[in-house]
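Each chain, letter by letter, is given below.
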Amino acid sequence: MRTRRPDPAHRTVGRRVAVSGKAATPRHGLARTLSKQGVCSRSEAERWVRAGRVSVDGVVVRDPEFPIRHGHAGIRVDGQAIAVVERVYVALNKPRGLLTTTTDEQGRDTVYRCFDGAGLPWLAPVGRLDKASEGLLLFSNDPAWAAAITDPDSGPDKTYHVQIDRLPNEALLHSLRAGVKDGVEFLRAKQVECLRAGEKNAWLSITLDEGRNRQIRRLLAAFDIAVLRLVRVAIGALPLGELGKGQWRLLTADEVSGLKPLAPISP
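Residues numbered from 1 in each chain as written. Predicted model: local features only at pLDDT ≥ 70, side-chain atom pairs only at ≥ 80, totals over all residues. Heavy atoms only, no water.

Thoughts on the pairing of strand β15 (residues 191-197)
Phase 1: The pairing of β15 with strand β16 (residues 202-208) spans 6 bridges and is antiparallel. Bridging across to β16, Gln191 finds its partner in Thr207.
Phase 2: Connecting the antiparallel pair β15 and β16 is a turn made up of 4 residues. (Pairing = 2+ DSSP bridges. Helix = DSSP H or I, 4+ residues; strand = E, 2+ residues; numbered from the N terminus.)

Dropping the structure here:
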């Protein structure tokens, strides 16, 4: 089968495509379209397209960026029409030691081990927790919802319980709230309080309103504090609750809508 090339009569303008003087119609690349429909991840879609498994209007397309009109229904994978995928939203209590990734080149266990045999559709992690961290981790096949949750400006706060290797005083808690520069990034905690303290270590509750890579570990390391355990206990108003390690559950409709930021009201 031959590979279809984009119609030369089309010219790309930002994220919209103008066609022979007609009103521009929103378009996305083929791989992104498959991902947005909840069929698979974007990287997986790119592999499918390059392998010649995807056709548009009966013609195999090998270009992942081939423009697809919004609402276009002529896409097939392995000759099969794409079924409407039900949107799924899942909360997992991630155990320590698992990677937040689909696969690992070194063969290490990933968070998807927790879903073995569950019969769930393809799901992507909404944000991430590093290998040594544990607690609440969300998954969904709804990219728009996931993007709203992880948006650094409007997404919900994340709350963590962190065991550290020292006893904090008020001056330290104030410094963590005030923040510190780490390289080119400024790291700070929105809220910090001491939950309990023993003889040599303590548990802090730390709330973040942004999602930088390994932010809590880097912030504490700037004050020569080692993290002994790090557990995410809430995302916005959604608590980890009594969910056991490695266990997952579907979110309710109210929980799904409650996590997504409200659209700004136009003046």
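Looking at the layout of surface pockets
Any empty space left between atoms is shown by rolling a water-sized probe over those atoms.
Phase 1: Empty space within the largest pocket amounts to approximately 570 Å³.
Phase 2: Every element with two or more residues in the lining of the largest pocket is listed here: β10 (124-126), α3 (143-150), β12 (158-164), α5 (215-221) and β17 (227-235).
Phase 3: When the residues that make up the lining of the largest pocket are grouped by side-chain class, the tally is 11 nonpolar, 7 polar and 10 charged.
Phase 4: Counting only domains with at least three residues in the lining of the largest pocket, you end up with domain 2 (89-153 + 242-259) and domain 3 (158-235). (1 Å grid on protein atoms, 1.4 Å probe; cavity = no way out; pocket = protein on both sides within 12 Å on 5 of 7 lines; lining within 4 Å. Points joined across faces, edges and corners; volume = space filled by probe spheres on them. Nonpolar A, V, L, I, M, F, W, Y, C, P; charged D, E, K, R; others polar. Domains from an automatic or database assignment.)

What to know about the sheet that holds strand β5 (residues 59-60)
Phase 1: Reading across the sheet, the 4 strands line up as β5-β4-β7-β8 and stay open at both edges, with antiparallel pairing between neighbours. A strand with exactly one partner marks an edge of an open sheet, and here the two such strands are β5 and β8 (80-81).
Phase 2: Here strand β7 (residues 75-77) runs beside β8; their pairing, made up of 2 bridges, is antiparallel. Bridge pairing links Val77 to Gln80 in β8.

Quick notes on the nonpolar core
Within soluble globular proteins, side chains that are nonpolar tend to cluster in buried spots.
Phase 1: Phe139, Val162, Ile206, Ile216 and Leu220 are the most contacted members of the largest nonpolar core, which totals 30 residues.
Phase 2: Of all the secondary structure elements, the ones that give two or more residues to this core are β9 (89-94), β11 (134-140), β12, α4 (170-178), β16, α5 and β17.
Phase 3: When residues of this core are assigned to domains, at least three map to each of domain 2 (89-153 + 242-259) and domain 3 (158-235).
Phase 4: Setting aside residues up to four positions removed in sequence, Ile216 forms contacts with Tyr160, Val162, Ile206, Leu208 and Leu230.
Phase 5: By size, the runner-up hydrophobic cluster in this structure holds 17 residues, among which are Tyr89, Val126, Trp145 and Leu238. (Core = buried A, V, L, I, M, F, W, Y, C linked by side-chain atoms within 4.5 Å. Buried < 20%, exposed > 50% of the residue type's maximum accessible area, 1.4 Å probe, protein only. Contact = heavy atoms within 4.5 Å.)

Details of the environment of Arg188
Phase 1: Examined against the element boundaries, Arg188 turns out to sit in the loop between β14 (185-187) and β15.
Phase 2: Overall, the relative accessible area of 27% leaves Arg188 in the partly exposed class.
Phase 3: Taking the C-alpha atoms as reference points, Arg188 and Asp209, separated by 21 residues in sequence, lie 9.3 Å from one another.

So yeah, pure geometry; function would need other evidence.
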